[in-house]
Amino acid sequence: MKKHEYLIIADYSQKTPLTFKELCDICQISSDFLNMLMEYDIIHPRESEQEEWLFDLTELKRIQRAMRLQRDLEVNLAGVAVMLDLLEELEELRAQIEFMQKHYL
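Bear in mind that the values here come from a model prediction, so they are computed numbers and not experimental data.

Things to note about the packing of helix H1 (residues 20-27) against helix H2 (residues 31-39)
It is the contact of H1 with H2, at a shortest axis distance of 10 Å, that shows an interaxial angle of 110°. Relative to H2, H1 is oriented roughly perpendicular. Touching Phe20, Leu23 and Cys24 of H1 are Ser31, Leu34, Asn35 and Met38, all from H2. Each residue belonging to the contact of H1 with H2 can be placed in one class, and the counts come to 5 nonpolar, 2 polar and no charged.

Digging into the packing of aromatic side chains
Enumeration according to the criterion identifies 3 aromatic pairs in this entry. Plain terms: the ring middles of Phe20 and Phe55 are 6.5 Å apart, the flat faces sit at 45° to each other, and that makes the pair tilted. With a gap of 35 residues between them, Phe20 in helix H1 and Phe55 in strand S2 (residues 54-55) connect regions that are remote in the sequence. Geometrically, the ring pair formed by Phe99 and Tyr104 is edge-to-face, given 6.5 Å between the ring centres and 75° between the ring planes. Judged by its relative accessible area of 45%, Phe99 is partly exposed. Residue Tyr104 is classed as exposed on the basis of its relative accessible area, which comes to 62%. Cluster of aromatic residues (ring-pair linked, three or more members): Phe20, Trp53 and Phe55.

The rules behind these values
- Every chain begins its residue count from 1, and numbering advances along the sequence as written.
- The predicted nature of this model means local features are confined to residues of pLDDT at least 70 and side-chain atom pairs, given and counted, to a pLDDT of 80 or more, with totals for whole chains, interfaces and linings taken over all residues.
- Excluded from the side-chain calculation are hydrogens and water; included are all heavy atoms of the structure.
- Orientation is described by lines fitted to C-alpha atoms, with helices fitted over the stretch in contact, and by angles between N-to-C directions that extend from 0 to 180 degrees.
- Secondary structure is summarised from DSSP: a helix means a run of H or I of at least four residues, a strand means a run of E of at least two, and numbering begins at the N terminus for each.
- Working rule for angles: under 35 degrees goes down as roughly parallel, over 145 as roughly antiparallel, 65 to 115 as roughly perpendicular, anything else as oblique.
- Contacts are assigned to residue pairs that have any heavy atoms within 4.5 Å of one another.
- When residue character is reported, Ala, Val, Leu, Ile, Met, Phe, Trp, Tyr, Cys and Pro are called nonpolar, Asp, Glu, Lys and Arg charged, and the others, Gly included, polar.
- Note on aromatic pairs: the rings of Phe, Tyr and Trp (six-membered ring only in Trp) are paired at centre separations within 6.5 Å, and the planes decide the class, stacked below 30 degrees, edge-to-face beyond 60, tilted for the rest.
- Each residue gets one of three labels from its accessible area relative to the maximum for its type: buried under 20%, exposed over 50%, partly exposed in between, using a 1.4 Å probe on protein chains only.

Rendered as structure tokens:
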């Protein structure tokens, strides 16, 4: 079976949220899979007073990473959720270290 990797390009300077359908279309995933990502707290819709879920562009990165972890490492969605949280925490800590090195050393 041939593996496909999709490149998702997003302009994060734009503040326009994505709808549920737009997110499915951009990521080329089913609505069932997107619902599962929400069930496992991998992605989170914005707080919205509309009936339709809206998502920030930053969710694209989490979806892409989740798909890669599932495909390449065969991690289940519960594991993907934990790994993504740890990766984001690691990135945050690295950014703090870099900031401290620039300003205090």
